[in-house]
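What the coordinates show
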Amino acid sequence: MNNVFDQYEVWFVTGAQLLYGGDAVIAVDAHSNEMVNGLNESGKLPVKVVYKGTANSSKEVETVFKAANNDEKCIGVITWMHTFSPAKMWIHGLQQLKKPLLHLHTQFNKEIPWDTMDMDFMNLNQSAHGDREFGHICTRMRIRRKVVVGHWKEEDTLHKIAVWMRVCAGWADSQDMLIIRFGDQMNNVAVTDGDKVEAEQRMGYHVDYCPVSELMEYHKEIKNEDVDALVATYFKEYDHDASLEDKSTEAYQKVWNAAKAELAMRAILKAKGAKGFTTNFDDLGDIEYNGFDQIPGLASQRLMAEGYGFGAEGDWKSAALYRTVWVMNQGLPRGCSFLEDYTLNFDGANSSILQSHMLEICPLIAANKPRLEVHFLGIGIRKSQTARLVFTSKTGAGCTATVVDMGNRFRLIVNDVECIEITDLGSSFDRLVDFLCQSFHGGTDLAPAITHTIRMIETQGYQEADMVMISDFEMMPIDKELSAHIRHIKENQTKIYALSMGEEPKQSYLDICDKYWEVLPARGDTPDDGK
């Protein structure tokens, strides 16, 4: 993958004046060149800094700022006042500037040379004076800018400049951002909708509707040999059960279908020059002729990892924001992903929230190599088995962000978070039972948990373990492939037990148990004597 920052540069403009003579101008230019070289050689900045000379007059300021506006590679301007630079000479240039601005309040020398300092030195090195003057005119003109204070060699100063550069890159990328909506918003949902005209005016997002029928035209042109090649790539890149490669199984067919969907989406996104997309699980094309068998979750996961923005259920604002975050995040270790808030865990100062989604979580946040698995997804017009990447996310400091349309303005909401490992649901059996007795009015897919348990039982150190299932078992029946795995571990003397907490459990799960107990939470019954 190419480094997205390589196509960009940030301009460095030094403020001075001719009052102090030609020698001062030469010294200012030499110091500026040395600083820019030092910034670039520090290894801390993601974007190249280009020195654009010293501005000594209003005309020179206006000329360089107009040039910055018209240069596609320039994504921002850093200004620094080496000497006292009269602020009125910056007015016309600041009125013209359309690119992000960083005011670097620094100076060439780090310390005052008390033993050799004279008035000439003080006139030449007036950053404290010049930057104050520049700050005043920017504030008076209500110029939006980033101010960084500190010596240009210090780690903290470089870090702040680097963060600003990443934001500039995200801003520049959004100026020609096309988001494609495959289908519309999910019906009756407010937060995913918004004013697309205002979004393009304010943030650069251009959002187009694309009928799924057009996507299906690309889908039907995908060649089988290309699908086979992509499936082989999946098996090479991701952990998976060997049985998944059996072409006679339903699971293999689901992986194959997911690969074809990915190739179709890649083709149409490339053809349209889009940087992001949305899907809707109620709009998947005609399955009898040429439709998706379920939402293209695996495709969305892999496309996000490569930088395509994604939003679920038509959420084009989230798709655009993810693309921007991905650009800003390049080269950082923890990655980024589309996520939704799901379930709260209230525990005083240790309260937390579970963020997830049905399928479309980006593997860039995976702590380990993702696993390719096939499981049932019981939502939308196609309730069926489907392929996805399964993994545990990285831990550590992060942030969550969203863009919402408040009717008369957009609002960017950002929250610092700490990503933590999942802990036990409760410290006692009673608390666990109480939690599981709650109704969340959603679907449950026990197959991933059973599949993972079987893998553990088949590894060294767990061969003598038994399996205990606790659920309402109100879900789709066990499929044939999973049933075969269960029979295999039972042949090796693994015992299976269950605590059933639903009023209408699916009998196929209870039939595999050596013994099970039933709790009827609606009546507060206690477990019976077992079956």
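One can find the structure itself at the top, above this paragraph.
Rules used throughout
- Residues numbered from 1 in each chain as written.
- Predicted model: local features only at pLDDT ≥ 70, side-chain atom pairs only at ≥ 80, totals over all residues.
- Heavy atoms only, no water.
- Axes fitted to C-alpha atoms, helices over the stretch in contact; angles between N-to-C directions.
- Helix = DSSP H or I, 4+ residues; strand = E, 2+ residues; numbered from the N terminus.
- Parallel < 35°, antiparallel > 145°, perpendicular 65-115°, else oblique.
- Left-handed = near helix turned anticlockwise from the far one by under 90°.
- Contact = heavy atoms within 4.5 Å.
- Nonpolar A, V, L, I, M, F, W, Y, C, P; charged D, E, K, R; others polar.
- Core = buried A, V, L, I, M, F, W, Y, C linked by side-chain atoms within 4.5 Å.
- Buried < 20%, exposed > 50% of the residue type's maximum accessible area, 1.4 Å probe, protein only.
- Phe/Tyr/Trp six-rings, centres within 6.5 Å; stacked < 30°, edge-to-face > 60°.
- Lys NZ or Arg CZ within 6 Å of the ring centre and 35° of its normal.
- Polar contact = N/O pair within 3.5 Å; in protein donor to acceptor, adjacent residues only side chain to side chain.
- Pairing = 2+ DSSP bridges.
- Salt bridge = Lys/Arg side-chain N within 4 Å of Asp/Glu carboxyl O.
- Expected span 1.5 Å × (residues − 1).

A word on the packing of helix α6 (residues 155–174) against helix α12 (residues 316–328)
Look at α6 against α12: their axes get within 8 Å of each other, and the N-to-C directions meet at 140°. Put simply, α6 runs oblique to α12. α12 is crossed by α6, and the crossing has right-handed handedness. Where α6 approaches α12, its residues Arg-166, Val-167, Ala-169, Gly-170, Asp-173 and Ser-174 are matched on the opposing element by Arg-323, Thr-324, Val-327 and Met-328. Here the residues of the contact of α6 with α12 are counted per class, giving four nonpolar, three polar and three charged.

A look at the nonpolar core
Phe-12, Ile-161, Phe-182, Val-255 and Leu-372 are the most contacted members of the largest nonpolar core, which totals 82 residues. Here this core gets twelve residues from one element, more than from any other, and that element is helix α10 (residues 250–272). The next biggest cluster of nonpolar side chains, apart from the first, holds 21 residues, and it includes Val-13, Val-77, Leu-101 and Cys-138.

Points about the packing of aromatic side chains
Applying the stated criterion across every chain, the model contains twelve aromatic pairs. An angle of 40° between the planes, with centres 6.5 Å apart, marks the rings of Tyr-234 and Tyr-238 as tilted. Given the relative accessible area of 9%, Tyr-238 is considered buried. An angle of 90° between the planes, with centres 5.2 Å apart, marks the rings of Phe-310 and Phe-338 as edge-to-face. Residue Phe-310 is located in strand β9 (residues 309–311), and its partner Phe-338 is located in the loop between α12 and β10 (340–345); the two are separated by 28 residues in the primary sequence. Using a relative accessible area of 7% as the deciding quantity, one classes Phe-338 as buried. The ring of Trp-11 carries the charged tip of Lys-52 above its face, separated from the ring centre by 4.3 Å. In this structure, Lys-317 is placed above the aromatic ring of Trp-316, and the distance from its NZ or CZ to the ring centre is 5.0 Å.

Observations regarding the side chain of Thr-14
When you line up the elements, Thr-14 lands in strand β1 (residues 9–15). Accessibility expressed as a relative area gives 0% for Thr-14, which makes it buried. At 2.8 Å, the side chain of Thr-14 forms a polar contact with the side chain of Ser-32. Leaving out residues up to four positions away in the same chain, Thr-14 has contacts with Val-28, Ser-32, Tyr-51, Gly-53, Thr-54, Ala-55, Trp-80 and His-82.

Description of helix α7 (residues 196–203)
Structurally, the start of α7 carries an N-cap: the backbone nitrogen of Val-197 is 3.1 Å from a side-chain oxygen of Asp-195. Gly-204, located one to two residues past α7, shows a positive phi value of around 90°.

Regarding the sheet that holds strand β4 (residues 101–105)
Hydrogen bonds between backbone atoms are what pair the strands of a sheet, whose relative direction is either parallel or antiparallel. Taken in spatial order, the five strands line up as β2-β1-β3-β4-β5 in an open sheet, and their pairing is parallel. Edge positions in the open sheet fall to β2 (48–55) and β5 (146–149), since each of these has one partner strand only. The average angle at which neighbouring strand axes cross in this sheet is 25°, direction not considered. Pairing of β4 with β5, which is carried by four bridges, proceeds in the parallel orientation. Looking across to β5, one finds that His-103 is bridged to Val-147. Across the sheet, helix α5 (residues 127–140) lies against β3 (74–81) and β4, angled at about 150° from β4, the strand it touches most.

What to know about the pattern of salt bridges
As enumerated under the stated definition, the model contains 22 salt bridges in all. For Lys-196, the salt bridge identified is with Asp-193, shortest N-O distance 3.9 Å. Take Lys-196: its relative accessible area is 24%, and that puts it in the partly exposed class. Shared partners join several salt bridges into a network, and the residues in it are Glu-237, Glu-262, Arg-266, Arg-302 and Glu-306.

Notes on helix α2 (residues 58–70)
It helps to recall that an α-helix has 3.6 residues per turn; residues three or four apart then point in one direction. Its 13 residues place the ends of α2 19 Å apart at the C-alpha level, agreeing with the 18 Å of an ideal helix rising 1.5 Å per residue. Buried within α2 we find Val-61, Glu-62, Val-64, Phe-65, Ala-68 and Asn-69. Those residues of α2 that are buried are in contact with β1, β2, β3 and α3 (91–96).

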